[in-house]
2 protein chains.
Amino acid sequence: MLQDTIKALSDPNRRKILELLKGGPMSAGEIGRHFEMTGATLSHHLSILKKAQLVSDEKKGTYIYYEINTSVMEDIMSWIVSFLEDKNE
Amino acid sequence: MLQDTIKALSDPNRRKILELLKGGPMSAGEIGRHFEMTGATLSHHLSILKKAQLVSDEKKGTYIYYEINTSVMEDIMSWIVSFLEDKNE
DNA sequence: ATAATGTTTAGAAATTTATCTAAATATTTC
DNA sequence: GAAATATTTAGATAAATTTCTAAACATTAT
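The shown structure was predicted, so the numbers you read here are calculated from the model rather than taken from an experiment. (Residues numbered from 1 in each chain as written. Chains lettered and ligands numbered in written order. Predicted model: local features only at pLDDT ≥ 70, side-chain atom pairs only at ≥ 80, totals over all residues. Heavy atoms only, no water.)

(A) Local environment of the interface of chain B and chain A. Contact residues are listed per partner, giving 29 residues for chain B and 28 residues for chain A. Buried area between chain B and chain A, both sides added, is near 2,700 Å², and the carbon and sulfur share of it is 70%. The interface formed by chain B and chain A holds zero salt bridges in total. Our enumeration of links across chain B and chain A arrives at six residue pairs in polar contact (both at pLDDT 80 or more). Looking at which element gives the most residues to the side of chain B that touches chain A, the answer is helix H5 (residues 73–86) of chain B, with eleven residues. Class assignment for the residues of the side of chain B that touches chain A results in 14 nonpolar, seven polar and eight charged. (Contact = heavy atoms within 4.5 Å. Buried area = accessible area lost by both parts, 1.4 Å probe. Salt bridge = Lys/Arg side-chain N within 4 Å of Asp/Glu carboxyl O. Polar contact = N/O pair within 3.5 Å; in protein donor to acceptor, adjacent residues only side chain to side chain. Helix = DSSP H or I, 4+ residues; strand = E, 2+ residues; numbered from the N terminus. Nonpolar A, V, L, I, M, F, W, Y, C, P; charged D, E, K, R; others polar.)

See below:
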């Protein structure tokens, strides 16, 4: 849902997570090293990103790797484009 | 600032306001007729949209007309495009 | 100048969100 | 299977946001 996506993107820490993941998949722990917050808080942010389908996760042994999923961003793009196009139609 | 823009867009009522304004400028009162919320609450939302430069306002006599300003949305576009492009570079 | 209408501001209450600590779960290694 | 490591869940607190009522401000018309 668009609401979930935009809500997920509205937090600076979550956007920073996505920026990190642009470089490729990372485990929760690796991501955590770039932040001050506790693992529990990070996990919470990751779950929001996951619910918004902005990231996917894959378990590999002890680690869980997170990967960015840009396809959902295209929905926001479309929504924004509709403003740039439709205005005053 | 990107943060202001995304934050402003993260509320469904504010997005609905922008959808309304796509059709052309409207006064605060006209906008309010499309919502349940009080005028005070609407005014609050409008001020957030204004701070984010997503709308501009123009006083005409007793009324204040609000107009959508799509140029800021292009900043979000660029931000999103940077994900679609840079990934795994 | 007073009344009527449109909008905003101030301050408080209600809701949501971010964050923490502590405990729980899962996997690997010894 | 116990210890060590990685991550999540539960429950609590703190901070931010949405919303309201009441009052204030501004403009027009009487």
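(B) Highlighting the sheet that holds strand E3 (residues 63–68) of chain A. Residue and element names in this part refer to chain A. Reading across from one edge, E1-E3-E2 is the order of the three strands in this open sheet, with antiparallel pairing throughout. Each of the sheet's edge strands pairs with one partner strand only, and the pair in question is strand E1 (26–27) and strand E2 (55–60). Each of E1, E2 and E3 touches helix H2 (residues 12–22); the most contacted strand, E3, lies at about 90° to it. Contacting E2 and E3, helix H4 (residues 39–51) runs over the sheet at an angle of about 115° to E2. (Pairing = 2+ DSSP bridges. Axes fitted to C-alpha atoms, helices over the stretch in contact; angles between N-to-C directions.)

(C) Geometry of unusual backbone geometry. If you check the backbone angles, Gln-53 of chain A has positive phi at about 60° while not being a glycine. With respect to the helices and strands, the residue Gln-53 of chain A is situated in the loop between H4 and E2.

(D) Expanded view of the nonpolar core. Counting residues in each nonpolar core, the largest one holds 50 residues, and the members touching the most others are Leu-18, Ile-31 and Leu-54 of chain A together with Leu-18, Ile-31 and Leu-54 of chain B. Ignoring sequence-local partners within four residues, the contact set of Ile-31 of chain B consists of Ile-17, Leu-20, Leu-21, Met-26, Leu-42, Leu-46 and Tyr-66 of chain B. (Core = buried A, V, L, I, M, F, W, Y, C linked by side-chain atoms within 4.5 Å. Buried < 20%, exposed > 50% of the residue type's maximum accessible area, 1.4 Å probe, protein only.)

(E) Inspection of the protein's contact with DNA strand D at higher detail. In the vicinity of DNA strand D there are 24 residues, among which Gly-29 and Tyr-66 of chain A together with Thr-41, His-45 and Gly-61 of chain B approach most closely. Those atoms of DNA strand D that come within 4 Å of the protein belong to sugar or phosphate at a rate of 79%. Interatomic distance of 3.0 Å between a backbone N/O atom of Thr-38 of chain B and a phosphate oxygen of DNA strand D. Contacts to DNA strand D include His-45 of chain B, whose side-chain N or O atom sits 2.4 Å from a phosphate oxygen. Contributing elements (two or more residues each) for the surface near DNA strand D: helix H3 (28–32), H4 and E3 of chain A together with helix H2 (12–22) and helix H4 (39–51) of chain B. Element by element, the count of residues in the surface near DNA strand D is highest for H4 of chain B, at five residues. In terms of residue class, the surface near DNA strand D is made up of eight nonpolar, twelve polar and four charged. (Near = heavy atom within 4 Å.)

(F) Local environment of the protein's contact with DNA strand C. Surveying the vicinity of DNA strand C reveals 24 residues, the closest of which are Thr-41, His-45 and Gly-61 of chain A together with Gly-29 and Tyr-66 of chain B. Sugar and phosphate atoms form 79% of the subset of DNA strand C atoms that lie within 4 Å of the protein. Thr-38 of chain A is positioned such that a nitrogen or oxygen atom in its backbone is 2.9 Å from a phosphate oxygen of DNA strand C. The side chain of Ser-43 of chain B places a nitrogen or oxygen atom 3.1 Å from a phosphate oxygen of DNA strand C. Elements with a contribution of two residues or more to the surface near DNA strand C: H2 and H4 of chain A together with helix H3 (28–32), H4 and strand E3 (63–68) of chain B. The biggest single contributor to the surface near DNA strand C is H4 of chain A, with five residues.

(G) Structural view of empty space enclosed by the protein. Applying the stated rule across the entire model yields one cavity of 30 Å³ or more. Approximately 60 Å³ is the volume found for the largest cavity. Listing elements by their share of the lining of the largest cavity, those giving two or more residues are helix H1 (2–9) and helix H5 (73–86) of chain A together with helix H1 (2–9) and H5 of chain B. Residue contributions to the lining of the largest cavity peak at three residues, all from H5 of chain B. Of the residues belonging to the lining of the largest cavity, the class tally is nine nonpolar, no polar and no charged. (1 Å grid on protein atoms, 1.4 Å probe; cavity = no way out; pocket = protein on both sides within 12 Å on 5 of 7 lines; lining within 4 Å. Points joined across faces, edges and corners; volume = space filled by probe spheres on them.)

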